[in-house]
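# A structural walkthrough
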Amino acid sequence: MTEPLLVPPRLSYVQRVIEIPDLELFDLSKDGKTALVLSNRTGSYQLAAVDTRGGPLRPVSHGKERVAWARISNDSETVCFSRDLGGREEHQLFTIPLEDGEEEEQLTQLPPTRVFDFNWSNGDDRLTFAGATKEANGLWIVDSSNGAHTQVYQNRHWVFSPEWSRDDSRICVSAKTTEHPTAAELVFLAPEGGQEPLVYTPKPTSENTNGGWHPSQPTVLFKTDARGKYELALYNTATQELTYLKGSDLGLDFPVFSWMPDGGSVYYLASNKGRTRLYIEPVDTSEPPREIPLPDGYHAGFFGSSVKAARSGDRFVFSWSSLSSPPTLSRYEMKTGRVETLHEHYTDLPLGRAEPVVYGSFDGRPIHGWFLRPAQMEGRRPCVLWIHGGPAWEVPDAWNPAIQSFLVAGYALFAPNIRGSTGYGVEFQNLNIHDCGGADLKDVEEAAKYLQTRHDVDPSRIALVGASYGGFMTFLATTKLPDYWAAAAAIVGITDWREMYDLSDAAFRSFIERYFGKPEDNPQLYADRSPINFVDNIKAPLLIWHRGNDSRCPLQPVQKFADRLNVLGKDYEMNVVWDEGHGFQKTENLARQYKAVVEFLDKKLVQPS
């Protein structure tokens, strides 16, 4: 006889929870009539439109190849989006009319290029995108009528978030122009080229990102840590005057921010311990910020565009969720103070519930996270210790179907936001610079020790699971801390940082240098934090799940890790999904993945009673 954990509906519950449609606001048309969202309700991540007065989702993009980024033209007529072909993140741009649902047309014929984000010019005659090739990072201009493209800026390190000035004479872009690991500057460029880029930073080595132009003035709103914490600031390019907004104490980070349409105020999400609140702050008066009351949860999403103010200034459209509430699209009316639901998903699944937890790490530093219980939990249960990706990311109070897949299967789950996570301030976020797999690995160890003390967790049945950077931490913890785990699953993880560096394009070489420095300067650090050098130590049964087209965490070094496990006779299984890459997947493949992980844990953790 076995525990109730093994009742037959469990894997069907996993399938169903993965099939709950994701949804995030991408853009709002300038006429205020249409919200553009990204959703996987068709089985892959595609664009859909929603009338801001309410109504069903209407397909915009088509097919199975995932959409990566999208923006509506300023005349509210055309959508441009980037598409990831085969999961390799070699993108092309496509256009489609917003309203009539025609098939999309490919706009560009780019050589292999990773496109991060882009924006239309105010005249809609051009687009500018930030991206990377194998050789360099840069900024390109695209003719929206024929797709002809020209590179106007090249940089050794990453470039992202280009924004056109109101008269289209300048572009503000965030770029890392120095070798300091955490620095980023605002770079001002002429779209026609021919002028030397102007690099601005309020303080050398500070991080300055996501500059957005005032609707009519030469002023840029941006996020900075120049004063030792994340704040929002204004820089007037004509007078070179810098001013800071007043709401810096309202949150530890500001994941979404923009100008109100009249330019007299800005709005922003303030983040603290995995939840966000929305504020409006006047910029030319002494009035304090004013909170706009939204439903409790997380409103920032993945793409940083999940809250948009209508041009009329009388409403916000936003997407939001929580760890136990699937994504919802809503509208907030300024006059009435009411929140109206535009689209939501109902489910009768027994979803798990989250409680915030803080535990002390080895150095006394508090680590915040979430302990999640399945709907029915009695006695001591096997528990999944879930490590998020990034590492500059977090598990906020936001819908996460991967986490819920374990809960509906009957497992408890603990998701700590170890040092290096976003959402807890700039100092905490930078603690793992040149120390990935060091003190943050100790945070994982202390999380395991914390779970061993809980009355509702079986200390002999703790499983370690993570994807991307969490997959790396799973590989590393099973090799360097082998005695804590009864089983483990590493999903699209990293086993050899040096080989990954050699296989990466310019953007991800820059990413690796941020955390490790250059390989020739820190060879010992690269070696010490690469799990492939410690395979002999593994004791726990290990499931390796990878994707054949992954360009961020390439398959080649992971396969070498598996080959060593095989030679050593270790208990492991490996599965490669060949038609996918890193990041967002087709729903059918994601369901296969988490059903396989649950089945693997069942075999290794669930003991006869």
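Because the structure is a prediction, the values reported are computed rather than measured.

Reading guide: rules and limits
- Residues numbered from 1 in each chain as written.
- Predicted model: local features only at pLDDT ≥ 70, side-chain atom pairs only at ≥ 80, totals over all residues.
- Heavy atoms only, no water.
- Helix = DSSP H or I, 4+ residues; strand = E, 2+ residues; numbered from the N terminus.
- Contact = heavy atoms within 4.5 Å.
- Polar contact = N/O pair within 3.5 Å; in protein donor to acceptor, adjacent residues only side chain to side chain.
- Core = buried A, V, L, I, M, F, W, Y, C linked by side-chain atoms within 4.5 Å.
- Buried < 20%, exposed > 50% of the residue type's maximum accessible area, 1.4 Å probe, protein only.
- Expected span 1.5 Å × (residues − 1).
- Phe/Tyr/Trp six-rings, centres within 6.5 Å; stacked < 30°, edge-to-face > 60°.
- Lys NZ or Arg CZ within 6 Å of the ring centre and 35° of its normal.

### Comments concerning the environment of S61
For S61, the location among the structural elements is in the loop between β4 (58-59) and β5 (67-72). The spacing of S61 and E104 is 43 residues in sequence and 6.6 Å in space, taken between C-alpha atoms. If we ignore the near neighbours within four places in the chain, the residues touching S61 are Q46, L47, V67, F81, R83 and E104. Within the structure, the side chain of S61 is placed 2.7 Å from the side chain of Q46, a separation counted as a polar contact. Within polar-contact distance, the side chain of S61 engages the backbone nitrogen of L47 at 2.8 Å.

### Description of the nonpolar core
Among the nonpolar cores identified, the biggest contains 58 residues, and L385, F414, L451, W485, W497, L542 and F561 are the most heavily contacted of them. Counting 43 residues, the second-largest nonpolar core is a separate cluster that includes V14, I18, W399 and L605.

### So, helix α5 (residues 469-480)
Here α5 contains 12 residues, and its C-alpha end-to-end distance of 16 Å stays within 8% of the 16 Å for a straight helix at 1.5 Å per residue. Taken across its 12 residues, α5 has 11 buried, putting it largely inside the fold. Restricting attention to buried positions, one finds in α5 the residues Y469, G470, G471, F472, M473, T474, F475, L476, A477, T478 and T479.

### Quick notes on the packing of aromatic side chains
The tally for this structure, following the rule as stated, stands at 33 aromatic pairs. Centre to centre, the rings of F516 and Y526 are 5.3 Å apart; their planes meet at 45°, and the pair counts as tilted. Of the two residues, F516 sits in helix α7 (residues 506-516) while Y526 sits in helix α8 (residues 523-528), which places them 10 residues apart along the sequence. With respect to class, F516 is no different from Y526; both count as buried. The ring centre of Y230 lies 4.4 Å from the NZ or CZ of K223, which sits over that ring. Directly above the aromatic system of Y244 lies the positively charged group of R227, at a separation of 3.7 Å from the ring centroid.

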